[in-house]
Amino acid sequence: MTSLKVQAITTQILPLENGDRLTRLQFERRYTAMPQLKKAELIEGIVYMASPLRHRSHGEPHAAIMALLTAYWVATPGVNLGDNSTVRLDLDNEPQPDALLRIESGGRSIVSNDDYVEGAPELIVEIAASSAAYDLHDKKQVYRRNGVQEYIVWQVFENKLDWFSLQSGEYVPLQPDDNGVVRSLVFPGLWLFVPSLLAGEMPKAIALLQLGLNSPEHAQFIELLANKSS
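A few points on the structure. Since the model is a prediction, treat every value here as computed from it, not as a measurement.

Another aspect to go through is the overall build of the protein chain. Counting its regular elements, the protein chain contains seven helices and 13 strands. Its C-alpha radius of gyration of 19 Å places the protein chain within 12% of the 17 Å reference for a compact globule of 230 residues. Here the C-alpha coordinates of the protein chain stretch approximately 75 × 45 × 30 Å along the principal axes. A sequence separation of at least 24 residues applies to 55% of the contacts in the protein chain between residues at least 6 apart. Carbon and sulfur atoms make up 54% of the accessible area of the protein chain, which amounts to about 11900 Å² in all.

Time to look at the side chain of E41. Residue position: E41 is located in strand β1 (residues 40-43). Once you skip the residues sitting within four places of it in the chain, E41 turns out to touch F27, I46, V47, Y48, E94, P95, Q96, P97, E126, Y134 and K139.

Core analysis: the largest hydrophobic core is formed by 31 residues, its most contacted members being L69, L101, L123, F187 and L190. In terms of residue count, helix α3 (residues 55-75) provides more of this core than any other element does, six residues in total. If we ignore the near neighbours within four places in the chain, the residues touching L69 are L81, A99, L101, L123, V125 and L190. In terms of nonpolar packing, the next biggest core, distinct from the first, is built from 18 residues, L100, V117, I124 and Y151 among them.

Strand order in this open sheet of six strands is β3-β5-β8-β9-β10-β11, and the pairing throughout is mixed. Lying at the two open borders of the sheet, with one neighbouring strand each, are β3 (79-83) and β11 (170-173). Between one strand axis and the next, the sheet turns through 20° on average, direction left out of account. The sheet contact formed by strand β5 (residues 99-103) and strand β8 (residues 123-128) spans three bridges and is antiparallel. Looking at the pairing, A99 lines up with V125 of β8. Contacts from helix α4 (residues 138-145) reach β8, β9 (150-155), β10 (160-167) and β11 within the one sheet, and its direction differs from that of β11 by about 110°.

With the rule as written, the count across this model stands at 15 salt bridges. Two residues, D20 and R30, come together in a salt bridge whose shortest N-O distance is 3.4 Å. One end of the pair, D20, is in the loop between α1 (3-11) and α2 (24-32); the other, R30, is in helix α2, with ten residues separating them in the sequence. On the basis of relative accessible area, D20 is assigned to the buried category, the value being 18%. Looking at R30, the relative accessible area reads 18%, which means it is buried. Ionic pairing is found between K160 and D162, a salt bridge with its closest N-O pair at 3.8 Å. On the accessibility criterion, D162 (16% relative accessible area) is buried.

Our focus in this paragraph is unusual backbone geometry. Backbone geometry at E44 places phi at a positive 50°, although glycine is not the residue there. Within the secondary structure, E44 is located in the loop between β1 and β2 (46-49). Classification of E44 by relative accessible area gives partly exposed; the value is 33%. At N159, a position not held by glycine, the phi torsion is positive, near 50°. Structurally, N159 can be placed in the loop between β9 and β10.

Cut-offs used in this document
- Residues numbered from 1 in each chain as written.
- Predicted model: local features only at pLDDT ≥ 70, side-chain atom pairs only at ≥ 80, totals over all residues.
- Heavy atoms only, no water.
- Helix = DSSP H or I, 4+ residues; strand = E, 2+ residues; numbered from the N terminus.
- Rg over C-alpha atoms; globule rule 2.2 N^0.38 Å.
- Contact = heavy atoms within 4.5 Å.
- Areas by Shrake-Rupley, 256 points an atom, 1.4 Å probe, with all protein chains shown as cover.
- Core = buried A, V, L, I, M, F, W, Y, C linked by side-chain atoms within 4.5 Å.
- Buried < 20%, exposed > 50% of the residue type's maximum accessible area, 1.4 Å probe, protein only.
- Pairing = 2+ DSSP bridges.
- Axes fitted to C-alpha atoms, helices over the stretch in contact; angles between N-to-C directions.
- Salt bridge = Lys/Arg side-chain N within 4 Å of Asp/Glu carboxyl O.

This is the structure:
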């Protein structure tokens, strides 16, 4: 074999495959070389590649969550929203969560010069088929260890939504009030009317969120963010 052929083989960038064990640098190099690939994640050094996403079990709930988070983002200067943004968490973990909210000034993450989120966003949301999905196991532990303050997992087949809050290094479920409303501890005014959301009753979910956006605590949060960015 000629030296040119040897060089060609050794410099070839291999495609990503489910189950590959890679460093983050290797993962990014292979992912970048596959522009046709829409979603791949590195979790604890292992590559996970998404199957084609179904409409009712992923696309629709994803759109519902994004509608609520978008309304909150628009009403809250100083908060940044991401939809399927890749996040560099540590050397073995580079997830691509369905949605994230981050505080732009004084938060736990930055946007790098090459346009990736680096560090732990304050809130991450994942749409999971069921509680058996890795979103509630390996990925949950990665988010906890890296300091993601709040983590929402919508388990579509089980018609269930869990909202975890990081307290003393462990994820604790945030409990809804008597009306089924869960309130963020990190993003004041971010209120989810869980029964309406799970039932697909988006007008009710949006109306309840608007109450949160009109609350005094949300106004105080906006003032706090403005002071941080000034």
